[in-house]
Amino acid sequence: MTASPELAPAPAPGPILQASPELLRSVFRRHAAGVAVITAAGDRPVGFTATSLNSVAAEPPLVSFGIGTTSSSWPVLAEAEHVGVHILGEHQQELAATFARSGADRFGPSTDWSSGPEGVPLLAGVSAWLVCRVVARVPAGDHRIVIAEAVAGDPSGAGRPLVYHQGRFTALRD
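As the structure is a computational prediction, the values presented were derived from the model and not from experiment. (Residues numbered from 1 in each chain as written. Predicted model: local features only at pLDDT ≥ 70, side-chain atom pairs only at ≥ 80, totals over all residues. Heavy atoms only, no water.)

K.L.:
Is there a simple way to explain the nonpolar core in this structure?
P.N.:
Where a protein is soluble and globular, its nonpolar side chains tend to be buried together. Of all hydrophobic cores here, the largest spans 17 residues; its most connected members are I38, F48, F65, L77 and V83. Put simply, the parts of the chain that give this core at least two residues each are β2 (36–40), β3 (46–50), β5 (62–68), α2 (74–77), β6 (82–87), β9 (128–140) and β10 (143–154). Residues contacting L77, with those up to four places away along its chain left out, are I38, A40, V46, F48, F65, I67, V83 and R137. Membership of the second largest hydrophobic core comes to 16 residues, among which are V120, V126, W129 and L162. (Core = buried A, V, L, I, M, F, W, Y, C linked by side-chain atoms within 4.5 Å. Buried < 20%, exposed > 50% of the residue type's maximum accessible area, 1.4 Å probe, protein only. Helix = DSSP H or I, 4+ residues; strand = E, 2+ residues; numbered from the N terminus. Contact = heavy atoms within 4.5 Å.)

K.L.:
Sorry, what's going on with helix α3 (residues 93–100) here?
P.N.:
Every α-helix carries 3.6 residues per turn, so stepping three or four residues along brings you back to the same face. Listed in full, the buried residues belonging to α3 are L95, A96, A97, T98 and F99. Buried positions along α3 lie against β2, β3, β8 (121–123), β11 (162–165) and β12 (168–171).

K.L.:
Looking at this structure, how should I read the layout of surface pockets?
P.N.:
Estimated volume of the largest pocket: approximately 1200 Å³. Residue assignment for the lining of the largest pocket shows that the elements contributing at least two residues are α1 (21–29), β3, β5, α3 and β10. As a volume, the second largest pocket reaches approximately 160 Å³. Along the walls of the second largest pocket sit R44, P45, V46, G47, S72, S73, G103, A104, D105, R106 and F107, which together make up its complete lining. Each residue belonging to the lining of the second largest pocket can be placed in one class, and the counts come to four nonpolar, four polar and three charged. (1 Å grid on protein atoms, 1.4 Å probe; cavity = no way out; pocket = protein on both sides within 12 Å on 5 of 7 lines; lining within 4 Å. Points joined across faces, edges and corners; volume = space filled by probe spheres on them. Nonpolar A, V, L, I, M, F, W, Y, C, P; charged D, E, K, R; others polar.)

K.L.:
For this particular structure, what's the right way to read the packing of aromatic side chains?
P.N.:
Pairs of aromatic rings are described using the distance from one ring centre to the other and the angle between the two planes. Scanning all chains against the criterion turns up four aromatic pairs. Judged by centre distance (5.1 Å) and plane angle (75 degrees), the ring pair of F107 and W113 falls under edge-to-face. Between Y164 and F169, the ring centres sit 5.2 Å apart and the planes meet at 55 degrees, which makes this aromatic pair tilted. Using a relative accessible area of 30% as the deciding quantity, one classes Y164 as partly exposed. (Phe/Tyr/Trp six-rings, centres within 6.5 Å; stacked < 30°, edge-to-face > 60°.)

K.L.:
What am I meant to see in the pairing of β5 here?
P.N.:
The side chains of a regular strand alternate between the sheet's two faces. Among the seven residues in β5, seven count as buried, and that is most of the element. Burial along β5 is two-sided: L62, S64, G66 and G68 and V63, F65 and I67, pointing in opposite directions, are all buried. Direction of pairing for strand β4 (residues 54–57) relative to β5: antiparallel, over a ladder of three bridges. Each bridged residue has a counterpart across the sheet, and for N54 the counterpart in β5 is S64. Between β4 and β5, which pair antiparallel and follow one another directly, the connecting turn spans four residues. Pairing between β5 and β10: seven bridges, direction antiparallel. Looking at the pairing, F65 lines up with V146 of β10. (Pairing = 2+ DSSP bridges.)

K.L.:
What should I look at first to understand the environment of V163 in this one?
P.N.:
For V163, the position within the fold is in strand β11. Separated by 75 residues in the primary sequence, V163 and L88 place their C-alpha atoms 8.6 Å from one another. Discounting residues that sit within four places of it in the chain, V163 has contacts with A32, A33, V35, R168, F169, T170 and L172.

Laid out in structure tokens, this is it:
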């Protein structure tokens, strides 16, 4: 007689590690996350790749994302009234890498973008986008959690989502 899967013994746990930034990074490398790019308008447009995007509420329609206070985008995001939220497709790994890379020319000639509602920089070819009004910036360690209310958007882009897992951009598999 074979034991059913629900009765199989649990695997032995590995070593218990003390909390640290590296432990958190190591655990979250195992967490697959959707990839978004957040943009804002300032004296010059800014943007960064985010895997911390979350739907917060449907009524009112709220989203949240985290941003490090040492990020080159933070000074503009700290003052921005509106932000762009772009859901990337699996064909946009290079775009995700550009917006993740420190010192990259994120809005250079290789980035197809235009000014959208509220003057927010909108990226072309994304799976979906929102323009959101910032309603709160919540301190959280060396980051801020930005909460924003959707005011416009377009969910009609084609393709499957881009995913971040084990420290790299990848696609969903069936």
